[in-house]
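Each chain is listed here by its residues.
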Amino acid sequence: MIGHRLSRAAAGLALAGALIVGTAAQAQFSGSYKFLEAVRKADGAEVTEALSEPGSTVVNTRDLSTGDTALHIVTARRDLVWIKFLLQHGANVNARNNKGETPLQAASNIGFVDGVELLLSLGARVDEANSTGETPLISAVHRKDAAMARVLLKAGADYKRSDNSGRTALDYAQLDGRSNPVLGEIETAMRAPVKKAAPVYGPKL
């Protein structure tokens, strides 16, 4: 009898615990959804309130269907002010969505040169590839976007890095030939002198 009561009590505690965890998860999901919706609507007041909560990590929350973070969302709408704002509040500049795309790749894919320059200046990795191995530079080659390629190459983009098919940005540009202005940008980068590392003085250990 006592054992039966203890079992019932344990079951009750387990149920209560599950309800608490479920409620907390639901609240977290609700908070994340509201935050991303506020970002989409450019609701500065609501976003600022969410970010100001102690210990909040909502700035890097992801959309359940796409994996996009708030930084992906504002990059897609070419919003430099919001990009700066989110990065100042701890947004991960190299976060990936469900396609493996970073905000830099999202900016490159839409020809958002100013966005790419800003993201690079704030720590975005220039050669980060998506799930197909496509880098921002390869994307620029496919779109024949010479201006984008110039910015990426200046930032050190590797034109010899291959995608999952084994082809590089240089390969794709050469396949297009002179009809693709990016080929000229890559050839210019190839002729550029290699920067030597600064000499290190002092005793060798």
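Calculation rules
- Residues numbered from 1 in each chain as written.
- Predicted model: local features only at pLDDT ≥ 70, side-chain atom pairs only at ≥ 80, totals over all residues.
- Heavy atoms only, no water.
- Buried < 20%, exposed > 50% of the residue type's maximum accessible area, 1.4 Å probe, protein only.
- Helix = DSSP H or I, 4+ residues; strand = E, 2+ residues; numbered from the N terminus.
- Arc of directions from axis to C-beta.
- Contact = heavy atoms within 4.5 Å.
- Salt bridge = Lys/Arg side-chain N within 4 Å of Asp/Glu carboxyl O.
- Axes fitted to C-alpha atoms, helices over the stretch in contact; angles between N-to-C directions.
- Parallel < 35°, antiparallel > 145°, perpendicular 65-115°, else oblique.
- Left-handed = near helix turned anticlockwise from the far one by under 90°.
- Nonpolar A, V, L, I, M, F, W, Y, C, P; charged D, E, K, R; others polar.
- Polar contact = N/O pair within 3.5 Å; in protein donor to acceptor, adjacent residues only side chain to side chain.
- Phe/Tyr/Trp six-rings, centres within 6.5 Å; stacked < 30°, edge-to-face > 60°.
- Lys NZ or Arg CZ within 6 Å of the ring centre and 35° of its normal.

(A) Geometry of helix α2 (residues 44-51). Of the positions making up α2, those classed as buried are V47, A50 and L51. The arc enclosing the buried residues of α2, seen along the axis, measures out at 95°, which places them on a common side. Of the exposed residues in α2, those oriented more than 90 degrees away from the buried face are A45 and E49.

(B) Structural detail: the environment of V116. Residue position: V116 is located in helix α6 (residues 113-121). Between the C-alpha atoms of V116 and L104, which are 12 residues apart in sequence, the distance is 5.8 Å. Excluding anything up to four places from it in sequence, V116 contacts L104, A107, S108, M148, V151 and L152.

(C) Focus on the pattern of salt bridges. A complete count under the given rule lists 8 salt bridges for this structure. Of the charged contacts in the structure, one is a salt bridge between R40 and D63, with a shortest N-O distance of 2.8 Å. Linking R40 in helix α1 (residues 2-40) with D63 in the loop between α2 and α3 (70-76), this pair joins segments that are 23 residues apart in sequence. Judged by relative accessible area, D63 falls into the buried class, the value being 15%.

(D) Spatial organisation of the environment of L36. Examined against the element boundaries, L36 turns out to sit in helix α1. A residue is classified by how much of its surface remains accessible, and L36, at 4% relative accessible area, is buried. In the structure, L36 is positioned 11 residues away from V47 in sequence and 8.5 Å away in space, judged by C-alpha atoms. Ignoring any residue separated from it by four or fewer positions in sequence, one finds L36 in contact with T61, R62, D63, D68, T69, A70 and I73.

(E) Broad picture of the environment of L120. Locating L120 in the fold gives a position in helix α6. Along the backbone, L120 and V93 are 27 residues apart, and their C-alpha atoms lie at a distance of 9.0 Å.

(F) A look at the packing of helix α4 (residues 80-88) against α6. With their axes 10 Å apart at the nearest point, α4 and α6 run at an angle of 15° to one another. Classified by the angle between their axes, α4 and α6 sit roughly parallel to one another. Two packed elements cross with a definite hand, and for α4 against α6 that hand is right-handed. Only D114, G115, L118 and L119 of α6 make contact with α4, whose side of the interface consists of L80, I83, K84 and L87. Here the contact of α4 with α6 is composed, by residue class, of 5 nonpolar, 1 polar and 2 charged.

(G) Local environment of the side chain of D79. Mapped onto the elements, D79 comes out in the loop between α3 and α4. From its side chain, D79 meets the backbone nitrogen of V81 in a polar contact 3.4 Å long. Sequence-distant contacts of D79, that is, excluding residues within four places in its chain, are made with V74 and F112.

(H) Focus on the packing of aromatic side chains. In the structure shown here, the tally under the stated rule is 1 aromatic pair. Aromatic side chains W82 and F85 sit 5.6 Å apart centroid to centroid with 70° between the ring planes, which places their arrangement in the edge-to-face category. With a gap of 3 residues between them, W82 and F85 both fall in helix α4, about one helical turn apart. By relative accessible area, F85 is classed as buried at 19%. The aromatic ring of W82 is capped on one face by R77, whose charged end is 5.3 Å from the ring centroid.

Any functional reading would require information beyond the geometric quantities listed.
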